[in-house]
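The chain contents come next:
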Amino acid sequence: MTLISDRMMDVTIQDENRKQLGAFLRARRESLDPQRLGLPRSGRRRTPGLRREEVALLADVGVTWYTWLEQGRDVNPSSAVLQAIASALQCSPTETRHLFLLAGLTPAETLNVPQCEGISEGTRRLLDSLLPQPASIQKPNFDIVAWNVAFERLMGIKFAEIPEDERNCIYLYLTHPQWRNRLGSDDSILQTFVAYFRAAMAEHRGDPLWEAKLARFCAASTEFATLWRKYLDVRGVENKLKLFTHPQLGEFTLQQMYWYSAPRNGSRLLVYLPVDAAGERALSWLAENA
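You'll find the protein chain entered in an unreviewed UniProt entry as Helix-turn-helix domain-containing protein, with Kosakonia oryzae given as the organism.

Below, the structure is given as structure tokens:
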């Protein structure tokens, strides 16, 4: 009975992945501008973006076969074909990886390197040595597993005072007003979190821990749940400038920097660095005011 149940679960996950793959392909296709890709004008377009036959032409695949792929049918694309489709759709490396994982294929650059699960005393000393720069260690699912005091002060939260299972960047943004307020009022932040988590979860679909994490996000926020259903973009975490809002310091910008303990699926070290005098003053103030 257990074997049959496991097989049924595998079939369900595969069906869902095919639907997700088809939906992502369609969303990506409709986001592209035919003129920017050098495609000729050919009559009035009733829908935005490329036509299916144009994607099929660019990827050198059959129109009917590509249509079936978008419809979520069981057509089993090869790695070479899926790479051609990704190129035709101008997919980024993160988006291409997402396509491969949904199709049940292994991206060429994937390395089977063990994850760094434990946090050693040396790692904790490393975080403290980075002061006054805020720093933390995060898992691929955005769980925060270690931090220094500057990171706590930056985000306005004491991690020891909240349950361990709530120490997650996305969950805190959804449920903790002070954490959310520190990141400002930019409406794109939640979309970015959704895109980050969708990309990270592609290779963990069916994993009970990841599925439970997703369910918790959706239960905590109808806005997150709606975006998860409708917003199909994927993004990889990246080094970028990040705007913070502080009740005493006002707005200031820091450089977000990531280092990975292992390729792709390893825990990552996040450090915030000042980029101007305002950032320097903000970090100095946080270091002096507990």
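A. Region of interest: the pattern of salt bridges. Evaluation of the coordinates by the stated rule reveals 12 salt bridges. Of the charged contacts, one joins Arg26 and Glu30 as a salt bridge, the two residues approaching to 3.0 Å between their closest N and O atoms. Remark: Glu30 and Arg26 occur in helix H1 (residues 2-30); sequence separation between them is 4 residues, near one turn of the helix. Relative accessible area serves as the criterion here: at 45%, Arg26 is assigned to the partly exposed category. Judged by its relative accessible area of 27%, Glu30 falls in the partly exposed class. Salt bridges sharing common partners tie together Asp15, Arg18 and Asp74.

B. Region of interest: the environment of Asn148. Counting through the fold element by element, Asn148 comes out in the loop between strand S2 (144-147) and helix H7 (149-155). Judged by relative accessible area, Asn148 falls into the buried class, the value being 1%. A C-alpha to C-alpha distance of 7.6 Å links Asn148 and Leu131, two positions 17 residues apart in sequence. Once you skip the residues sitting within four places of it in the chain, Asn148 turns out to touch Leu127, Asp128, Leu130, Leu131, Gln133, Pro134 and Ala135.

C. Main features of the packing of aromatic side chains. Applying the stated rule across the entire model yields 13 aromatic pairs. With centroids separated by 4.6 Å and ring planes inclined at 40°, the aromatic side chains of Trp147 and Phe159 adopt a geometry described as tilted. Highlighted residues: Trp147 in strand S2 and Phe159 in the loop between H7 and helix H8 (169-175), separated in sequence by 12 residues. Residue Trp147 is classed as partly exposed on the basis of its relative accessible area, which comes to 22%. Site record: aromatic cluster; members linked through ring pairs are Phe197, Trp210, Phe217, Phe224 and Trp228.

D. Region of the structure containing the pairing of S2. Taken together, the 3 bridges between strand S1 (residues 135-138) and S2 define a ladder with antiparallel strand orientation. Across the sheet, the residue bridging to Gln138 is Ile144, located in S2. Taking the residues between adjacent antiparallel strands as the criterion, S1 and S2 are bridged by 5 residues, where Phe142 takes a positive phi near 75°.

E. Up close: the packing of helix H4 (residues 79-88) against helix H5 (residues 93-102). Across the interface, H4 lies against H5 with an axial gap of 10 Å and an inter-helix angle of 145°. Crossing of H4 over H5 shows right-handed handedness. Residues Ser79, Leu82, Gln83 and Ala86 of H4 lie in contact with H5, whose contacting residues are Thr96, Leu99 and Phe100. Classifying every residue of the contact of H4 with H5 gives 4 nonpolar, 3 polar and no charged.

F. Geometry of the sheet that holds S2. On the basis of which strands lie adjacent, the open sheet formed by 5 strands has the order S2-S1-S5-S4-S3 and antiparallel pairing. Edge positions in the open sheet fall to S2 and strand S3 (240-246), since each of these has one partner strand only. Geometrically, the sheet is characterised by an average inter-axis angle of 30° between neighbouring strands, direction not taken into account. Two elements, strand S4 (residues 250-260) and strand S5 (residues 268-274), share 7 bridges in a ladder whose sense is antiparallel. By the bridge assignment for S5, Tyr260 is matched with Arg268. Packed on one face of the sheet, helix H13 (residues 277-288) meets S3, S4 and S5 and runs near 85° to S4.

Criteria and cut-off values
Residues numbered from 1 in each chain as written. Predicted model: local features only at pLDDT ≥ 70, side-chain atom pairs only at ≥ 80, totals over all residues. Heavy atoms only, no water. Salt bridge = Lys/Arg side-chain N within 4 Å of Asp/Glu carboxyl O. Helix = DSSP H or I, 4+ residues; strand = E, 2+ residues; numbered from the N terminus. Buried < 20%, exposed > 50% of the residue type's maximum accessible area, 1.4 Å probe, protein only. Contact = heavy atoms within 4.5 Å. Phe/Tyr/Trp six-rings, centres within 6.5 Å; stacked < 30°, edge-to-face > 60°. Pairing = 2+ DSSP bridges. Axes fitted to C-alpha atoms, helices over the stretch in contact; angles between N-to-C directions. Left-handed = near helix turned anticlockwise from the far one by under 90°. Nonpolar A, V, L, I, M, F, W, Y, C, P; charged D, E, K, R; others polar.

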